[in-house]
Amino acid sequence: MNALEREIRSLIETQGPIPISRYMALCLAHPEYGYYTTRDPFGTDGDFTTAPEISQMFGELIGIWCAEAWRLMGSPARVALVEAGPGRGTLMKDALRAAKVMPGFLNAAELHLVETSPVLQERQRENLRGAVPAIAWHGETKTLPDIPLLVIGNEFIDALPIDQFEKKAGRWHERKIGLGADGGFAFGLDPAPLPDFEQQLPERLTPAPNGAVFERRDLTPISEVVSRIGKHGGAAILIDYGHAESGFGDTLQAVSGHDYAEPLDTPGEVDLTSQVDFEALAALSRNNVRAVGAVSQRNFLTQLGIEARTEILQRNAKEEMRDEIGTALTRLIGPTPGMGELFKALAFAHRDLPALPGFDGAKISGKDL
Ligand code: SAH
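Residues numbered from 1 in each chain as written. Predicted model: local features only at pLDDT ≥ 70, side-chain atom pairs only at ≥ 80, totals over all residues. Heavy atoms only, no water.

Asks: Looking at this structure, how should I read the nonpolar core?
Replies: Trp65, Leu81, Phe105, Phe300 and Phe359 are the most contacted members of the largest nonpolar core, which has 54 residues in total. Element by element, the count of residues in this core is highest for helix H5 (residues 56-72), at 9 residues. Filtering out sequence-adjacent residues up to four positions away, Phe105 remains in contact with Cys66, Ala67, Trp70, Val79, Leu81, Ala99 and Leu150. Core analysis: the next-biggest nonpolar cluster, separate from the first, contains 27 residues, Val226, Val276, Phe278 and Val289 among them. (Core = buried A, V, L, I, M, F, W, Y, C linked by side-chain atoms within 4.5 Å. Buried < 20%, exposed > 50% of the residue type's maximum accessible area, 1.4 Å probe, protein only. Helix = DSSP H or I, 4+ residues; strand = E, 2+ residues; numbered from the N terminus. Contact = heavy atoms within 4.5 Å.)

Structure follows, in structure tokens:
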């Protein structure tokens, strides 16, 4: 039994079963034993690979998206370029290199990274050394500066803790984590029913069948970003795996060594995520900030010109590298097992910003727009 398992077990013994969000937060971000606190999980030797680690093209296109958004904002003299959950800093490094094509953008941009893991902060520092004059780190989005902002988040939201609720015999209950008959961690339903729960679901999903599981995520870090965009101007580009519309299903997932693992085994040693509900995310739009999308990662990257970029890279690459670049393109925009359909992009933009690159034909939500 690892140290975190002992700690969670004693928590359950004293308090009773705990919400899934509590378990997830402890597993990912415990100050001593959390998954991200203690390691760099990315790459072939690690547990999983993300889009910016697959190909430099991903970060480059996001960099150009930001530079173009800045131009559309009227090229303000100062803009906070923010990344939430930057991992190794690879996306930002590629983005900054590519954004040099936009005159003035890098002079206006001040780099702010929102990262809780000290290990990853160190990786980001090494990786971005020399790329910009200064980097400020933040533990949360609340402390960002009060200036216009451009925010990037790739596979950030999937790591924010969720809660789950299940309908049984006509009533909704919270799913919690307690101790099972064999003494190990086990999922169970809180006996107290939640009489108002079904009213909070999108109407189209009601009446829900028995056995339905609904996931709800605390999106505070993102609603803070949206409110800052409303006050100071700017935009956010958020990319993640998930579903365009709210629905039922248990999507809590553990990954270790590029394979699925059990979410309740070896806490703090496996990655825990769940699918992003893009309908719930878009609902954060408010008076002067609209949500655009979600669109598939394939549509987003294709509209930004990833195919042309692939050809240029291949032309300039050594013969033996050309196939690898083509394979990376397929992984990024191809159907499952590629990321093209499952992964989606959603933007928030201040009402003063006209149509954003990558979102032609996308759904727009927001009041008074
Ligand atoms: N964007 C990177 C990494 C994705 S993994 C990539 O695409 O490769 C999730 C990242 O979010 C990690 O850097 C992790 O440490 C960070 N993170 C997770 N929860 C966080 C939180 N609540 N606040 C700040 N950073 C968080």
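Asks: Explain the packing of helix H1 (residues 3-15) against helix H2 (residues 20-29) to me, please; I cannot follow it from the model alone.
Replies: Two measures define how a pair of helices packs: the angle their axes make with one another and the distance between the axes. Viewed as axis vectors pointing N to C, H1 and H2 meet at an angle of 155 degrees, and their least axial separation amounts to 11 Å. The orientation of H1 with respect to H2, classified from their angle, is roughly antiparallel. Helix-helix and strand crossings are classified by hand; for H1 and H2 the assignment is right-handed. Packed against H1, whose contacting residues are Leu4, Ile8, Leu11 and Gln15, the element H2 presents Arg22, Tyr23, Leu26 and Cys27 at the interface. (Axes fitted to C-alpha atoms, helices over the stretch in contact; angles between N-to-C directions. Parallel < 35°, antiparallel > 145°, perpendicular 65-115°, else oblique. Left-handed = near helix turned anticlockwise from the far one by under 90°.)

Asks: I keep staring at the packing of aromatic side chains and nothing clicks. Help me out?
Replies: Each aromatic ring pair is described using two quantities: the centre-to-centre distance and the angle formed by the ring planes. If you walk through the whole model with that rule in mind, you get 11 aromatic pairs. Here the aromatic rings of Tyr35 and Tyr36 are separated by 5.2 Å at their centres, their planes lie at 75 degrees, and the arrangement is edge-to-face. Among the residues examined, Tyr36 registers a relative accessible area of 15% and is labelled buried. Ring plane angle 75 degrees and centroid distance 5.2 Å describe the contact between Phe42 and Phe48, whose orientation is recorded as edge-to-face. Both residues of the pair, Phe42 and Phe48, count as buried. Grouped by ring-pair contacts, the aromatic residues Phe165, Trp172, Phe197, Phe214 and Phe248 constitute a single cluster. The ring of Trp137 has Arg125 sitting right over it, with the charged end atom 4.6 Å from the ring centre. One cation-aromatic arrangement involves Arg175 over Phe187; the distance from NZ or CZ to the ring centre is 4.5 Å. (Phe/Tyr/Trp six-rings, centres within 6.5 Å; stacked < 30°, edge-to-face > 60°. Lys NZ or Arg CZ within 6 Å of the ring centre and 35° of its normal.)

Asks: Can you help me understand H1 in this one?
Replies: Since the α-helix packs 3.6 residues into each turn, any two residues three or four apart lie on the same face. With 13 residues, H1 should reach 18 Å at 1.5 Å per residue; the first-to-last C-alpha distance of 18 Å fits that figure. Among all positions in H1, only Leu4, Glu5, Ile8, Arg9, Leu11 and Ile12 are buried. End-on view of H1: buried residues confined to an arc of 160 degrees, all on one side of the axis. H1 presents Glu13 and Thr14 as exposed residues on the side facing more than 90 degrees away from its buried surface. Tucked inside the fold, the buried residues of H1 contact strand S1 (18-19), H2, strand S7 (171-179) and strand S8 (185-189). At the N-terminal boundary of H1, the capping side chain belongs to Asn2, with an oxygen 3.0 Å from the backbone nitrogen of Leu4. One or two steps after H1, the chain reaches Gly16, where phi turns positive at roughly 90 degrees. (Expected span 1.5 Å × (residues − 1). Arc of directions from axis to C-beta. Polar contact = N/O pair within 3.5 Å; in protein donor to acceptor, adjacent residues only side chain to side chain.)

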